[in-house]
Amino acid sequence: MIIKMCLSIFVPLSIGFFLMHIFLPFKSSISEYLLLKGSLAVGLGFGITSCTYFLCLLLFGPTTTGLILLDAGTLGFLMFLFIYAVKTRIFAEYDTEHKKILNDFKLRRILSVGFFAVLALTITNIIYRAILLPLGMWDAWVIWNLRARFIFRGGEYWTDAFSSLLAPNHHPDYPLLIPLTISRCWTYIGNETEAIPWLISLLFTFATAGNLYSALTVLRSKSQGVMATMLLLSTSIFINVGTWQQADIPTASFFMAGLVFLFLQDRFPDNYGFSAFAGVMTGLSGWTKNEGLLFMVSFFLARIVIIIISKNRNRLMNQLMYFTLGILPVLAIIMYFKVNFVPPSELVSGERGAGEIILKLRDYSRYVQIMKAFLTGIIAVAPMFFCWYFIPYMLVLISMIRTKQVSLPHFSFCFSW
């Protein structure tokens, strides 16, 4: 069973890793870029294999043989393309300028010691919570793992997972990336092991931290990457939610990945593959949780605004085109699922008709209430971070922008996180 479990995880990670190695080749081979690709491969691989598994269910029904053949074919094709690309260099490589912002050896050594101390405490906390809550928390019980069991056990009736006869808090309209990923791994193994939901949740948690560290290392410096990751791992709510087997951390991981690809596009403007991958990751956030659909719209509108106010519109329009090409396949799957399988969402059905929704959207007092709750939540989640780090750090970054010591994209990346 252990071999099958490892294989069910290895295949999607390999698919994501090969995709980025093929379309985003670096001349440099330093460890930061390998970690960056490895961290991004978690969400990309699980996202793509969840989509292909959904298509497999639609076309052939629940079939272990069909799923394995589909995964093997996908991975084999990518391996062939990777070998061909390496031999022929059909995909252009590009230089990676790696700036050393901080060269104080003593400070870097102190940061390294602090980082490994925080990492050790984080791993201890995760092990403790895995023993304390092996089945996760409420949302895992009534939504994600429950739906995965419906799909895995249902056979030809797997669509009963979206029945309106289930309790309202089951949220049958929620997207399927997490349940399909869990069910897909169980199909490989042949039974429902509790280790799979926990392992997937853990991979997304560490992938988010890895994305933050490696992206800031590439965009700024290793020291800033270490400091940011220490702060993230020191935020208790991040680790807690990461062990609850819910969809919040995977959704945040896709948010982070979309932003990472966006700012890497700003660093390497000639390779539009970054925009395409940003579109894929943004689309996968909507395939993970309904909140991701709002992020998709916000992300797209933000790029439109940038194009309007920018002088270099042609390049930005090309980036937006590749971003759209990346998001469209995932969006098509989301729309097909929403239209054909799920009952109307409780947000737009019943008494909450379109008229009431429009009326609430025009009520500006609600936006004030949302902003108050947002700020209160930030302070409640990480008061020391907000008071002693975030505000001074923003002030320092603004000062550096004025003196042209740091570019606006770097500031935007830190602020977005």
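J.: Can you lay out the overall build of the chain for me, pointing to particular residues and giving the numbers?
T.: For the chain, the count of helices and strands is 17 helices and 0 strands. Out of the 417 residues belonging to the chain, those deemed buried represent 47%. Partitioning the intrachain contacts of the chain with sequence separation of at least 6 by distance along the chain shows that 77% fall at a separation of at least 24. For the chain, the accessible area works out to roughly 21200 Å², and carbon and sulfur atoms hold 70% of it.

J.: Outline unusual backbone geometry, listing residues and values.
T.: A positive phi angle, close to 60°, is found at Gln245, a residue other than glycine. By the secondary structure assignment, Gln245 is in the loop between helix H9 (236-242) and helix H10 (248-267). Taking relative accessible area as the criterion, Gln245 reaches 4% and is therefore assigned buried.

J.: Go over a nonpolar patch on the surface, please, and point to the residues and values.
T.: Taken together, the side chains of Ile357, Leu361, Tyr364, Tyr367 and Ile370 make up a nonpolar region of the molecular surface, amounting to roughly 540 Å² of accessible area. Elements that contribute at least two residues to the nonpolar patch include exactly helix H14 (354-361) and helix H15 (364-381). In terms of residue count, H15 provides more of the nonpolar patch than any other element does, 3 residues in total. Its place among the elements puts Ile370 in helix H15.

J.: So what's going on with the environment of Lys222? Residues and values would help.
T.: Among the structural elements, Lys222 can be located in helix H8 (residues 222-233). For Lys222 and Leu111, which are 111 residues apart along the polypeptide, the C-alpha to C-alpha distance reads 10.0 Å.

J.: Explain the packing of aromatic side chains to me, and be specific about the residues and the numbers.
T.: Going through the model one piece at a time under the given rule, you end up with 28 aromatic pairs. Seen in terms of ring centroids, Phe54 and Trp287 are 5.6 Å apart; in terms of plane orientation they differ by 65°. Their pairing is edge-to-face. Highlighted residues: Phe54 in helix H2 (residues 31-60) and Trp287 in the loop between helix H11 (273-286) and helix H12 (291-309), separated in sequence by 233 residues. Trp287 sits in the buried class, given a relative accessible area of 0%. Relative to Phe274, the ring of Phe268 has its centre 5.8 Å away and its plane inclined at 25°; by these criteria the two rings are stacked.

J.: Tell me about the packing of helix H1 (residues 2-23) against helix H7 (residues 195-219), residues and numbers included.
T.: Their axes nearest at 12 Å, the elements H1 and H7 cross at an angle of 35°. The element H1 and its partner H7 pack so that their crossing is right-handed. Of H7, the residues touching H1 (which contributes Met5, Ser8 and Ile9) are Ala195, Ile196, Leu199, Ile200 and Leu203. For the contact of H1 with H7, a count of residues per class yields 7 nonpolar, 1 polar and no charged.

J.: Describe in detail the pattern of salt bridges, supporting the description with residues and values.
T.: Inspection of every chain in the model, using the stated rule, returns 6 salt bridges. Among the ionic pairs, Glu192 bridges to Arg149, the shortest N-O distance being 3.0 Å. Taken together, the residues Glu192 in the loop between helix H6 (177-189) and H7 and Arg149 in helix H5 (residues 138-154) connect sequence positions 43 residues apart. Classification of Arg149 by relative accessible area gives partly exposed; the value is 25%. Among the ionic pairs, Lys338 bridges to Asp173, the shortest N-O distance being 4.0 Å.

J.: Before we move on, can you summarise H6 with the specific residues and values?
T.: A rise of 1.5 Å per residue sets the reference length of H6, with its 13 residues, at 18 Å; its end C-alpha atoms lie 19 Å apart and thus fit the reference within 8%. Of all 13 residues in H6, 13 are buried, a share of seventy percent or more. Of the residues flanking the end of H6, it is Gly190, one or two places downstream, whose phi is positive at about 100°.

J.: Which residues make up H11, and what values do they have?
T.: Over its 14 residues, H11 runs 20 Å from end to end, which matches the ideal 20 Å to within 8%, given 1.5 Å per residue. H11 sits mainly inside the fold: 13 of its 14 residues count as buried.

J.: Please give an account of the nonpolar core that cites residues and values.
T.: Among the nonpolar cores identified, the biggest contains 100 residues, and Phe54, Phe204, Phe261, Leu284 and Trp287 are the most heavily contacted of them. The greatest single-element share of this core, amounting to 12 residues, is contributed by H7. Setting aside residues up to four positions removed in sequence, Phe204 forms contacts with Val42, Gly43, Phe46, Leu177, Ile178, Ile249, Pro250, Ser253 and Phe254.

J.: Explain the packing of H11 against helix H13 (residues 313-340) to me, using residue names and the numbers behind them.
T.: Following both chains from N to C, one finds H11 and H13 inclined at 30°, their axes separated by 7 Å at the closest point. Between H11 and H13, the interaxial angle falls into the category roughly parallel. As H11 packs across H13, the resulting crossing turns out to be right-handed. In this structure, H11 contributes Ser275, Ala276, Ala278, Gly279, Val280, Thr282, Gly283, Leu284 and Gly286 to the contact, and H13 contributes Gln319, Tyr322, Phe323, Gly326, Ile327, Val330 and Ile334.

Here is what the cut-offs are and how they apply
- Every chain is numbered on its own, with residues counted from 1 as its sequence reads.
- The model is predicted, so local features are restricted to residues of pLDDT at least 70 and side-chain atom pairs to those at 80 or more, both for listing and for counting; the totals for chains, interfaces and linings are taken over all residues.
- The side-chain numbers reported here are obtained from all heavy atoms of the structure, hydrogens and water having been left aside.
- Here a helix means four or more residues in a row that DSSP labels H or I, a strand means two or more in a row labelled E, and each is numbered from the N terminus.
- Between buried and exposed lies partly exposed: a residue is buried under 20% and exposed over 50% of the maximum accessible area for its type, with that area taken using a 1.4 Å probe on protein chains only.
- Residues are treated as being in contact if the distance between any of their heavy atoms lies within 4.5 Å.
- A 1.4 Å probe and the Shrake-Rupley method give the accessible areas. Residues count as covered only by the protein chains that appear here.
- A residue counts toward a patch only above 30% relative accessible area and without a salt bridge, and it is joined to like-charged neighbours within 9 Å or, for Val, Leu, Ile, Met, Phe, Trp and Tyr, to nonpolar neighbours within 5 Å.
- What counts as a salt bridge is simple: a side-chain nitrogen of Lys or Arg found within 4 Å of a carboxyl oxygen of Asp or Glu.
- Two rings from Phe, Tyr or Trp (for Trp, the six-membered ring) form a pair when their centres sit within 6.5 Å of each other. Planes less than 30 degrees apart are called stacked, planes more than 60 degrees apart edge-to-face, and all others tilted.
- A fitted line through C-alpha atoms serves as each axis, taken over the contacting stretch for helices, and the angle formed by two N-to-C directions is quoted from 0 to 180°.
- Here is the rule for handedness: rotate from the far helix to the near one, and if that takes an anticlockwise turn smaller than a right angle the crossing is left-handed, while a clockwise turn gives right-handed.
- The residue classification treats Ala, Val, Leu, Ile, Met, Phe, Trp, Tyr, Cys and Pro as nonpolar and Asp, Glu, Lys and Arg as charged. All others, Gly included, are polar.
- Expected span of a helix: the number of residues minus one, times 1.5 Å.
- Nonpolar core, defined: a set of buried Ala, Val, Leu, Ile, Met, Phe, Trp, Tyr and Cys residues in which side-chain atoms within 4.5 Å join the residues together.
- Angles are sorted into four bins: roughly parallel if under 35 degrees, roughly antiparallel if over 145, roughly perpendicular if 65 to 115, and oblique for all others.

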